[in-house]
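Structural features, examined
Here is how the chains run, residue by residue.
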Amino acid sequence: MAGGIKDIGVPSIDPFYQKEVRFDYKNNLIKAKMAAKNSWVRGLKDSTVKDVRLRADDDSFYMEVDMFSPAISVDGKYEGGGSYNDLNVTAYGDYVTNMTDLVYTWKMEGKPETIGDDVFVRITSFYMRPDVSNMHVYLSNDSPNSKDLTDLGVKLVNENWRLLYKELLPFAQSNWNKIGIKVANKIFLKVPYNKLFPNN
């Protein structure tokens, strides 16, 4: 699937392109907004499927896929701003996030759907929560008035990335849910269920 499946409209997943993702974060005195644009996710083609579990009947479909990815990189453009008390920062430029040794499970739920003479599956939920061994963030800043503050912020983020990852995970999961449902249905609504899983 790395290069996509053109016959049924499945896009390339490595690299995977996303036009825009927005984050709006508030925690006590800290507020931040960021829009990541023209982002590319790279490294999924080197992932390994460790196990697959399927539970399905006439009314429901549930599948888990255990995955391991040695390295995932996300890069693109960003613009955003934040504040802490009376301090306000505006920044824009390039960003790169590198992660290594990701362990995660794709959890997909859906329901059988009859189209014509065939039975397909419509995926209604996608869940993923990766455990990451290490993460490093890079941000350039083309705004000269806040470059020093951005550099300091990136340094603090990389020193405390686990805390930031935990805080931002719900935003990322919401985005992954939308992407996962869309990509999965490109397959499950195009290929009949009995051809995808002939032994079930």
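Relevant structure appears above.
Below, the structure is looked at part by part. (Residues numbered from 1 in each chain as written. Predicted model: local features only at pLDDT ≥ 70, side-chain atom pairs only at ≥ 80, totals over all residues. Heavy atoms only, no water.)

Let us look at the overall build of the protein. Counting secondary structure elements, the protein contains 3 helices and 7 strands. Each helix and strand of the protein, ordered N terminal to C terminal, gives the series β-β-β-β-β-β-β-α-α-α. Along the longest, intermediate and shortest principal axes, the C-alpha atoms of the protein span 65 × 35 × 30 Å. Residues counted as buried form 36% of the 200 residues belonging to the protein. (Helix = DSSP H or I, 4+ residues; strand = E, 2+ residues; numbered from the N terminus. Buried < 20%, exposed > 50% of the residue type's maximum accessible area, 1.4 Å probe, protein only.)

Turning our attention to the pairing of strand 5 (residues 87-115). Where strand 4 (residues 61-84) meets strand 5, 23 bridges bridge the pair, whose relative direction is antiparallel. Bridged to Glu79 within strand 5 is Tyr92. Between the antiparallel neighbours strand 4 and strand 5 lie 2 residues, among them Asn85 with a positive phi of about 55°. In terms of strand pairing, strand 5 meets strand 7 (residues 131-139) through 8 bridges, oriented antiparallel. (Pairing = 2+ DSSP bridges.)

We now examine the packing of aromatic side chains. Across all of its chains, the model carries 7 aromatic pairs by this definition. Ring geometry for Tyr25 against Phe171: centres 6.5 Å apart, planes inclined by 70°, an arrangement best described as edge-to-face. With Tyr25 in strand 1 (residues 16-27) and Phe171 in helix 2 (residues 161-188), the pair connects residues that are 146 residues apart, well separated along the chain. Arranged with centres 6.4 Å apart and planes meeting at 45°, the rings of Tyr104 and Trp106 form a pair that is tilted. Grouping aromatic residues by their ring pairs yields a cluster made of Phe23, Tyr25 and Phe171. (Phe/Tyr/Trp six-rings, centres within 6.5 Å; stacked < 30°, edge-to-face > 60°.)

Omega for the peptide link from Asp14 to Pro15 comes to 0°, which places this bond in the cis form. One non-glycine residue, Asn38, lies in positive phi territory at about 50°. On the secondary structure map, Asn38 appears in strand 2 (residues 30-42).

What follows deals with the environment of Lys186. Examined against the element boundaries, Lys186 turns out to sit in helix 2. On a C-alpha basis, the gap between Lys186 and Ser73 in space is 24 Å, while along the polypeptide they are 113 residues apart. Setting aside anything within four residues of it in sequence, one finds Lys186 in contact with Ile8, Gly9 and Val10. (Contact = heavy atoms within 4.5 Å.)

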